[in-house]
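Residue-level listing of the chains:
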Amino acid sequence: MKIVGRRQSHLFAAVIKTALAIIISLVILALQIAFYAVLLLGIYNLWFLRIFTEVIGILVVLSLYRRDINSSYKLSWTIFILALPFAGVVFYFTFGGGRNVPKRKAEKINGYLKTKAVSGEEYKGLYSADPRGAMLVNSVRNNSFYDVYRHTNTEFFPDVAEKHRRMLKDIEDAKEYVYLEYFIISDGKVLDSVIDVLERKGKEGVKIKFIYDDIGSKKCLKRKTKKRIAAIENLELCVYEPMSLVINPRINYRDHRKITVIDGKVGYTGGDNLADEYTGEKIRFGHWRDNAVRITGDAVYALELMFSEIWFMSTGETLKLRDFVSDASASGVGYVLPFGDGPTNPLNPAYHLFESLTVAAEKYLYISTPYLIIDNSFINMIQLAAKSGVDVRILVPHIPDKKLIFAMTRGHYGDILKAGGKIYEYTPGFNHAKNIIVDDKYAFIGTVNCDYRSMLLHFECGTLIMRDPSVDKMRDDFLSAVAQSEEITLEKWENRPFLTKLSELLLAVIAPLL
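Peer 1: For the packing of aromatic side chains, give the residues involved together with the corresponding values.
Peer 2: For the coordinates displayed, the defined rule picks out 16 aromatic pairs. Between Phe354 and Phe444 the ring centres are 5.0 Å apart and the planes differ by 75°, which places this aromatic pair in the edge-to-face class. Here Phe354 is found in helix α13 (residues 349–360), whereas its partner Phe444 is found in strand β16 (residues 442–446), with 90 residues between them in sequence. Looking at Phe354, the relative accessible area reads 1%, which means it is buried. For Phe444, a relative accessible area of 0% translates into the label buried. Grouped by ring-pair contacts, the aromatic residues Phe339, Tyr351, Phe354, Phe378 and Phe444 constitute a single cluster. Lying over the aromatic face of Tyr335, Arg150 brings its terminal NZ or CZ to 4.3 Å of the ring centre.

What follows is the structure, given as structure tokens:
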């Protein structure tokens, strides 16, 4: 089996580790509760231990507030630590690292990206032609190793089934190499069709590198399927951060990216994984709405660089990337900026781009996301846009994939509705598309959800598209989905049951920690 990177654990080991984590967590919480019970009942005079734990909790909170991390994240940990000092401190030091990895590892990865990154000259022309567009580009290029490209064509797919058919054809035409990186690969027709074409290309001598996330795929990928993939000629398989019995705080940092690169000439990214529900082959939560983009020309290099980052991080192997040469034959009329985001970069380019897109809106701001669990800063910017007369519309699912997360999403409606924004729930099913479209000029498409996990923990990717025909197609697709959706009015939202309001309030406190 040609599997590179850290060895993936067997399912039994993963189950044992999960069980141990649950048991340890319950024991810690039980000790905390028992401690408080002893104090309340006055069985023992433990005032000195109480003072000690509270002092430690306060010191940890003070150190937490000195960290340069999201303020909502700080607040949630502060409440947890001060309410349960013993348990809170233990959990904080285990899982409260926020968006970071060990400094030495981050420096090594960022050093690798720096040597491979290409800084083009396209930005200079954009600054004079479109100052607002230049502001958006700055929010990414000044917070990452990625830049904007001109000689690039994009093709937007509102239907992931069509994207999948097109991608299979492009892989079939591959001459040199194919890179695939997905959060979820799942047994079914979609994955089988990819494996079939990879088997043919591998026999032809095409080099294939395949990354999938262990946790994302754990429940839906059979061992025999994994063996079939690993047996493909000229294919190397990398399982990103496999679960094991070793305690690994980086278990929170999942590879949520979805990337395909073919011969450095064609690239794909978007919200879809290699699983049947994304193409309608399998119905899980009603109609699954998702979309993707096909990229050709100069900007494909950025997708290749993103893939090489995770490959390097997981295997230690430095991919020999092609020398960047601008493809003058790609006659794209707009600007395209694919970029990666993740815990090795504390500057959060995706978060800053989302805020910048909100600020840039003059006519309309359309947001499509499966989850709406955002901090007050982002909410305030959306409110400001709505109060300024911008047509703010947010599309979320009506049929949820996770009921707890859906409750958190609904809890964030109020402030936006009160400011004049509009919220729609996609009644045909589950809205998984991650888009922001602004003023017929700018659009984002990628893997980043409007939630803390995407913005603070996961490795993500996305593409900023400006003044390109794909922007209009994304707008039309969004409006078509809104026409099929239920508008949630302020009156309807305020009339929800009391217990629902109470649960939303409690969930809002812990949302950044989940």
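Peer 1: Give a detailed account of the side chain of Asn431, specifying residues and quantitative values.
Peer 2: Relative to the helices and strands, Asn431 is located in strand β14 (residues 429–431). With a relative accessible area of 0%, Asn431 lands in the buried category. A distance of 3.4 Å separates a polar atom in the side chain of Asn431 from the backbone oxygen of Thr369. Reaching out from Asn431, the side chain makes a polar contact with the backbone oxygen of Leu395 at a distance of 3.2 Å. For Asn431, the residues in contact, after removing those within four places along its chain, are Arg289, Ser368, Thr369, Pro370, Leu395, Val396, Pro397 and Tyr426.

Peer 1: Tell me what's going on with the pattern of salt bridges, and back it up with residues and numbers.
Peer 2: Going through the model one piece at a time under the given rule, you end up with 29 salt bridges. Across the pair Arg141 and Asp147 runs a salt bridge, and its minimum N-O distance is 3.2 Å. Judged by relative accessible area, which is 22%, Arg141 ranks as partly exposed. Linked by salt bridges that have partners in common, Asp192, Asp196, Glu199 and Arg228 make up one network.

Peer 1: If you had to explain the sheet that holds strand β13 (residues 422–426) to someone new, which residues and values would you point to?
Peer 2: Read across the open sheet, the eight strands follow the order β10-β17-β16-β15-β11-β12-β13-β18; overall the sheet is mixed. The outermost strands of the open sheet, each flanked by one partner alone, are β10 (335–341) and β18 (486–488). Across the sheet, the mean angle separating the axes of adjacent strands is 20° when strand polarity is ignored. When β13 meets β18, the two strands line up antiparallel, connected through three bridges.

Peer 1: Any chance you could break down the environment of Lys209 for me, citing the residues and the numbers?
Peer 2: One can find Lys209 in strand β4 (residues 207–213). For Lys209 and Val178, which are 31 residues apart along the polypeptide, the C-alpha to C-alpha distance reads 6.5 Å. In contact with Lys209, not counting residues within four places along its chain, are Val178, Tyr179, Leu180, Glu236, Phe307, Trp311, Glu317 and Leu319.

Peer 1: Give a description of the pairing of β13 that names residues and reports values.
Peer 2: With four of five residues buried, β13 lies mostly within the body of the structure. As paired strands, strand β12 (residues 391–397) and β13 are joined by five bridges and run parallel to one another. Residue Leu395 lies in a different strand from β13, and its bridge partner there is Tyr424.

Peer 1: Explain the packing of helix α9 (residues 189–203) against helix α11 (residues 223–230) to me, and be specific about the residues and the numbers.
Peer 2: As a packed pair, α9 and α11 sit with axes 10 Å apart at the nearest point and diverge in direction by 25°. It follows that α9 is roughly parallel to α11 by the angle criterion. As for how α9 packs across α11, the hand of that crossing is left-handed. In contact with Leu191, Asp192, Ile195, Asp196 and Glu199 of α9, α11 contributes Thr225, Arg228 and Ile229. Tallied by class, the residues present in the contact of α9 with α11 amount to three nonpolar, one polar and four charged.

Peer 1: Provide a residue-level description of the nonpolar core, including the pertinent values.
Peer 2: Leu357, Ile394, Tyr413 and Met466 are the most contacted members of the largest nonpolar core, which totals 121 residues. In terms of residue count, the dominant contributor to this core is helix α12 (residues 300–315) (11 residues). Those residues within four positions of Met466 in sequence are excluded, and the remaining contacts are Leu126, Gly133, Leu136, Val137, Val148, Gly334, Tyr335, Lys441 and Tyr442. With 30 residues, the next largest nonpolar core counts Leu180, Tyr182, Leu191 and Val206 among its residues.

Peer 1: Describe the packing of α13 against helix α14 (residues 376–387), naming the residues involved and giving the relevant values.
Peer 2: Where α13 meets α14, the closest approach of the two axes is 9 Å, and the angle between their N-to-C directions is 15°. It follows that α13 is roughly parallel to α14 by the angle criterion. As α13 packs across α14, the resulting crossing turns out to be left-handed. Packed against α13, whose contacting residues are Tyr351, Phe354, Glu355, Thr358 and Val359, the element α14 presents Ser377, Phe378, Met381, Ile382 and Ala385 at the interface.

Conventions we followed
Residues numbered from 1 in each chain as written. Predicted model: local features only at pLDDT ≥ 70, side-chain atom pairs only at ≥ 80, totals over all residues. Heavy atoms only, no water. Phe/Tyr/Trp six-rings, centres within 6.5 Å; stacked < 30°, edge-to-face > 60°. Helix = DSSP H or I, 4+ residues; strand = E, 2+ residues; numbered from the N terminus. Buried < 20%, exposed > 50% of the residue type's maximum accessible area, 1.4 Å probe, protein only. Lys NZ or Arg CZ within 6 Å of the ring centre and 35° of its normal. Polar contact = N/O pair within 3.5 Å; in protein donor to acceptor, adjacent residues only side chain to side chain. Contact = heavy atoms within 4.5 Å. Salt bridge = Lys/Arg side-chain N within 4 Å of Asp/Glu carboxyl O. Pairing = 2+ DSSP bridges. Axes fitted to C-alpha atoms, helices over the stretch in contact; angles between N-to-C directions. Parallel < 35°, antiparallel > 145°, perpendicular 65-115°, else oblique. Left-handed = near helix turned anticlockwise from the far one by under 90°. Nonpolar A, V, L, I, M, F, W, Y, C, P; charged D, E, K, R; others polar. Core = buried A, V, L, I, M, F, W, Y, C linked by side-chain atoms within 4.5 Å.

By themselves, these observations are geometric and do not establish any function.
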